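This is what each chain is made of:
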Amino acid sequence: MLVKYGRELIIKAASSDLSLCFESCVGGGIPLVDVIKEDYVADDIFEIHAILSGTANYILTNMENGNHKFSYLLEETEKLGFTEYDPSLDISGIDSAYKITILSMIAFKGLINFNDIYREGIEKIGKIDIEFAEQLGCKIKLLAVARKFQGGYDIRVHPTMIPKQYMLAKVRNEFNAVYIKSDNLGNTIHYGRGAGSNAIGSALASDIVSIIREIEHSKSVRINPLGYYGDSLDSINILDPLAIESKFYIRLIVDDAPGVLASIAGVLGDNNIGISAAIQPEIEETRRITPLVFLTHRTSGYNVKNAVNKINSLDSVKEEVLVIRVED
């Protein structure tokens, strides 16, 4: 509701001299909204990397153990009370996209059209990808990214490979974490339980107490619900995610035949994509198909999209190619 009708709600609250609090909307029990509004008031925030779905993180964490299938783990999160009323909101990345939209509106002091946010879920991630990530020294996380660039903002949600030594890679089960870069505070991380009734209840209680305090003290100057003084409600420009460069993990299921690897590498080269690593595991002679993985050098999403469209049309490719961005 806040994402879709934020402009109307903020204007209504401001014109009626009412509070609009939404701490419980993002990060479960982690104090985030008021922290960004108040503790970063003297800072220019230019980057946020966040794990914002306790459900998705619980599933990905337990897929690493290899003991259960995706469907079983999703059912388990529902029983534990971690999922949204519609579990597909969690695994599709929509819920994380709602949350990074809210954080970005506060951090970057402007309104955002939710339909401009690129979002992708974890439905296509398999055990094979978890294992390849391990070989590459990474973990797979459903990552929400918001970054300030000259001319606009890069805001997106998708599965991401993160080097194992990074702090976000160590966030497990239903916990959330938000990593913020700003000009004065530098790098900070906010970590805590992101799902469950106790975490949400704690955040709701915080909002209620904040409203009571405002009523009791009758603030003469009310701060904009996004956390700054003034009535500016300008929309911010969202950049095309395909124009953003990064490294990419590209996983294929192909015929186990001579020349297949070379032909696919040729398509990547034709699209200005450099290869930093290629993995083709040994398989039994009786098998006729095999997984094949490429790790690329930095390149644009457009280059990868064009290459993958071509690769998917090859007769030797037996399943739709999976692409995961790599944050380094």
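Report follows, based on the coordinates. For clarity, every value in this text was computed on a predicted model and none was experimentally measured.

A short note on the side chain of S246
- Inspection of the secondary structure assignment puts S246 in strand 7 (residues 245-255).
- A distance of 3.0 Å separates polar atoms of two side chains, one belonging to S246 and the other to R325.

Observations concerning empty space enclosed by the protein
- Evaluated as defined, the whole model comprises one cavity of 30 Å³ or more.
- Volume-wise, the largest cavity comes out at about 30 Å³.
- Residue lining of the largest cavity: E120, G121, K124, I125, P159, L322, V323 and I324, and that is the complete set.
- Here the lining of the largest cavity gets three residues from one element, more than from any other, and that element is strand 11 (residues 322-326).
- For the lining of the largest cavity, a count of residues per class yields five nonpolar, one polar and two charged.

A few points about the pattern of salt bridges
- Using the criterion set out here, one finds 17 salt bridges in the structure.
- Note that K99 and D95 form a salt bridge whose closest N and O atoms lie 2.8 Å from each other. A residue pair is termed a helical-turn pair when its members lie 3 or 4 positions apart in one helix, as K99 and D95 do in helix 6 (residues 94-108) at four residues.
- Classification of K99 by relative accessible area gives buried; the value is 9%.
- Ionic pairing is found between R298 and D328, a salt bridge with its closest N-O pair at 3.7 Å. One end of the pair, R298, is in the loop between strand 9 (289-296) and strand 10 (299-300); the other, D328, is in the segment after strand 11, with 30 residues separating them in the sequence.
- Via salt bridges that share partners, E64, E134, K139, K164 and R172 belong to a single interconnected network.

Considerations on the pairing of strand 1 (residues 45-51)
- Across the seven residues of strand 1, six count as buried, placing the element largely inside the fold.
- Pairing between strand 1 and strand 5 (residues 175-182): six bridges, direction antiparallel. Counterpart to I45 in the pairing with strand 5 is S182.
- For strand 1 and strand 3 (residues 138-149), the ladder comprises four bridges, and the chain directions are antiparallel.

Observations regarding the layout of surface pockets
- Roughly 600 Å³ of internal volume is contained in the second largest pocket.
- Sorting the residues of the lining of the second largest pocket by element identifies strand 4 (152-163), strand 7, helix 10 (301-312) and strand 11 as the ones contributing at least two each.
- With six residues, the single largest contributor to the lining of the second largest pocket is helix 10.
- For the lining of the second largest pocket, the class distribution of residues is 11 nonpolar, five polar and eight charged.

Some thoughts on the nonpolar core
- The biggest cluster of nonpolar side chains holds 62 residues, and the ones touching the most others in it are I48, I100, L103, I122, I125 and I155.
- Once residues lying within four places of it in the same chain are set aside, the contact partners of I125 are L60, M63, I130, I140, P159, L322 and I324.
- Of all hydrophobic cores here, the second largest spans 17 residues; its members include I250, L252, L292 and V308.

A word on the packing of helix 1 (residues 2-15) against helix 6
- Interaxial distance between helix 1 and helix 6 falls to 10 Å at its minimum, and their mutual angle equals 30 degrees. Looking at the two axes, helix 1 sits roughly parallel to helix 6. Where helix 1 approaches helix 6, its residues L2, V3 and K4 are matched on the opposing element by Y98, T101 and I102.
- Within the contact of helix 1 with helix 6, the residues separate by chemical class into four nonpolar, one polar and one charged.

Some points on helix 9 (residues 260-270)
- Residues V260, I264, V267 and L268 constitute the buried set of helix 9. Axial view of helix 9: buried residues confined to an arc of 100 degrees, hence all on one face. For helix 9, the exposed residues lying more than 90 degrees away from the buried face are A262 and D270.
- Of the surrounding elements, those touching the buried residues of helix 9 are strand 7, strand 8 (275-279), strand 9 and helix 10.

Examining the environment of D90
- With respect to the helices and strands, the residue D90 is situated in helix 5 (residues 88-91).
- Distance in space between the C-alpha atoms of D90 and G54 is 8.3 Å, their sequence separation being 36 residues.
- Not counting residues within four places of it along the chain, the set of residues in contact with D90 comprises S53, T55, A56, F82, T83, E84, D95 and L142.
- Polar contacts involving the side chain of D90 include one to the side chain of T55, which spans 3.5 Å.

Definitions and cut-offs
Residues numbered from 1 in each chain as written. Predicted model: local features only at pLDDT ≥ 70, side-chain atom pairs only at ≥ 80, totals over all residues. Heavy atoms only, no water. Helix = DSSP H or I, 4+ residues; strand = E, 2+ residues; numbered from the N terminus. Polar contact = N/O pair within 3.5 Å; in protein donor to acceptor, adjacent residues only side chain to side chain. 1 Å grid on protein atoms, 1.4 Å probe; cavity = no way out; pocket = protein on both sides within 12 Å on 5 of 7 lines; lining within 4 Å. Points joined across faces, edges and corners; volume = space filled by probe spheres on them. Nonpolar A, V, L, I, M, F, W, Y, C, P; charged D, E, K, R; others polar. Salt bridge = Lys/Arg side-chain N within 4 Å of Asp/Glu carboxyl O. Buried < 20%, exposed > 50% of the residue type's maximum accessible area, 1.4 Å probe, protein only. Pairing = 2+ DSSP bridges. Core = buried A, V, L, I, M, F, W, Y, C linked by side-chain atoms within 4.5 Å. Contact = heavy atoms within 4.5 Å. Axes fitted to C-alpha atoms, helices over the stretch in contact; angles between N-to-C directions. Parallel < 35°, antiparallel > 145°, perpendicular 65-115°, else oblique. Arc of directions from axis to C-beta.

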